[in-house]
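# Survey of secondary and tertiary structure
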Amino acid sequence: MGHKNKVYNNVLDLIGNTPLIKLNKITAPFSGKYFAKLEASNPGHSSKDRIALYIIDQAEKQGLLKPGDTIVETTSGNTGFSLAMVSIVKGYKCILAVSSKSSPDKIDMLRTMGAEVHICPAHVAADDPKSYYEVAKRLHEETPGSIYINQYFNDLNVDAHYHSTGPEIWNQTEGKITHLVACSGTGGTISGTAKYLKEQNPDIKILGVDAYGSVLKKYHETREFDKAEIYPYRIEGLGKNLIPTATEFDLIDEFIKVTDEESALTAREIAKTEGLFVGYTSGAAIQAIKQLNDDNTFDENDVIVVIFPDHGSRYMSKIYSDKWMNDQGFLDSFKVEEKEDVKI
Ligand code: PMP
């Protein structure tokens, strides 16, 4: 990559080809070499730029979209921002059904980017008419000339990463990658990247990161949907209360579950140690690496690539707010003791 002597036609030309950055301090105690794929370097500040552009391009190629048509989606925020950005440049209307769990900053950003935003309750079943899935489906049916991106159940989500993220990581590591660590939400990133990488070298291990409160890990191990696994959690964009068809479970070797608290504290640690201001799930991914090291998963010759899906600025009112962290009870160990005045 590099922008030297280059002029771009529009913001969409900047999507993809994100940098791979060596991690130095935070992974120093661990075996192996660690590199982060910095998806915040996309112009919409997340990996979702890739799928937004790819899926809309494919719809255009199939003649499904004409100027002035509408893009509908359900989103935790990042996909919505990317779709809104692509829609503006390409001349489409963008309607988004968003979880009430999303940061207020994310929702404000979507509206700034011209999207029509519908906020839906986070903690209802996926088939509840109030859920963001059902609301998005209804909005699509009610809007003539609209396409429904449906990222959890759209194979093009996987294909976008198969054609971009996968080859980029393979080339950037000169084929030396031994492990990929990636958070799984829709599963598009991990599945598409894994598919490409395993085609190049089937020995590459694919490690997925899941949240406590999500069904993915249990489903991976048993192929059974266990409702008992589901309960509310804080991390946005990671884990799920349903089984997305965009997740190719056979390509994933293992899932690691992480807690809200450790992921949030680790995200803050990434900023302090590496100078990288990244989102909540980047913290989750490094937290998973810590746990994998506790289990001696890696040896010193391993080349581990971890995906950092988005930018820290999206979480100012959450993990980067001391008040929010205190309200969750996540900063207890850092609380300043009130001391009596020193008397002389
Ligand atoms: N991290 C963040 C912040 C996300 O928004 C998402 C997408 N839901 C992911 C990780 C997971 O990516 P994917 O949907 O491709 O599994």
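Procedures and definitions
Residues numbered from 1 in each chain as written. Predicted model: local features only at pLDDT ≥ 70, side-chain atom pairs only at ≥ 80, totals over all residues. Heavy atoms only, no water. UniProt positions renumbered as here; feature names shortened; annotations may be inferred. Phe/Tyr/Trp six-rings, centres within 6.5 Å; stacked < 30°, edge-to-face > 60°. Helix = DSSP H or I, 4+ residues; strand = E, 2+ residues; numbered from the N terminus. Buried < 20%, exposed > 50% of the residue type's maximum accessible area, 1.4 Å probe, protein only. Near = heavy atom within 4 Å. Polar contact = N/O pair within 3.5 Å; in protein donor to acceptor, adjacent residues only side chain to side chain. Areas by Shrake-Rupley, 256 points an atom, 1.4 Å probe, with all protein chains shown as cover. Domains from an automatic or database assignment. Lys, Arg positive; Asp, Glu negative; His and termini not counted. Salt bridge = Lys/Arg side-chain N within 4 Å of Asp/Glu carboxyl O. Contact = heavy atoms within 4.5 Å. Arc of directions from axis to C-beta.

You'll find the protein entered in an unreviewed UniProt entry as Cysteine synthase family protein, with Bizionia argentinensis JUB59 given as the organism. In UniProt, the protein has this text filed under Cofactor (unreviewed entry): "pyridoxal 5'-phosphate". Taken verbatim from the UniProt record of the protein, the Sequence similarities (unreviewed entry) comment is "Belongs to the cysteine synthase/cystathionine beta-synthase family."

The next thing to look at is the packing of aromatic side chains. All told, the structure shown has 9 aromatic pairs when counted by the stated rule. Judged by centre distance (5.8 Å) and plane angle (70°), the ring pair of Tyr-162 and Tyr-196 falls under edge-to-face. With Tyr-162 in helix 5 (residues 155-163) and Tyr-196 in helix 7 (residues 188-200), this pair connects stretches of sequence that are 34 residues apart. Ring centres 6.0 Å apart and planes at 80° place the aromatic pair Trp-324 and Phe-330 in the edge-to-face group. Phe-330 carries the same exposure label as Trp-324, and that label is buried. Counting every residue linked through ring pairs, the aromatic cluster contains Phe-30, Tyr-34 and Phe-298.

Turning to the site of the ligand, a few remarks are in order. Looking at the ligand, there are 16 residues lining it, with Lys-48, Gly-185, Thr-186, Thr-189 and Thr-281 nearest. One of the side-chain N or O atoms of Asn-78 is found 3.1 Å from an oxygen atom in the ligand. Note that an oxygen atom of the ligand is positioned 2.5 Å from one of the side-chain N or O atoms of Thr-189. Here the ligand has 390 Å² of accessible area as a free molecule, and 98% of this is covered by the chains. A domain split of the shell around the ligand shows at least three residues from each of domain 1 (11-46 + 159-328) and domain 2 (47-148).

Along the chain, the position of Arg-314 falls in the loop between strand 10 (303-308) and helix 11 (322-328). For the buried residue Arg-314, which engages in no salt bridge, the nearest side chain bearing the opposite charge is Asp-310, 5.2 Å off. For Arg-314, the side chain forms a polar contact with the side chain of Asn-78, separated by 2.5 Å. Arg-314 has contacts with Gly-44, His-45, Ser-46, Asn-78, Phe-81, Ser-103, Asp-105, Lys-106 and Met-109, leaving out every residue within four places of it along the chain.

Among the residues of helix 4 (residues 132-142), Tyr-132, Tyr-133, Val-135, Ala-136 and Leu-139 are the ones counted as buried. Buried residues in helix 4, looked at end-on, bunch into an arc of 165°, giving them a common side. Buried residues in helix 4 make contact with strand 3 (70-75), strand 4 (93-99), strand 5 (116-120) and strand 6 (146-148).

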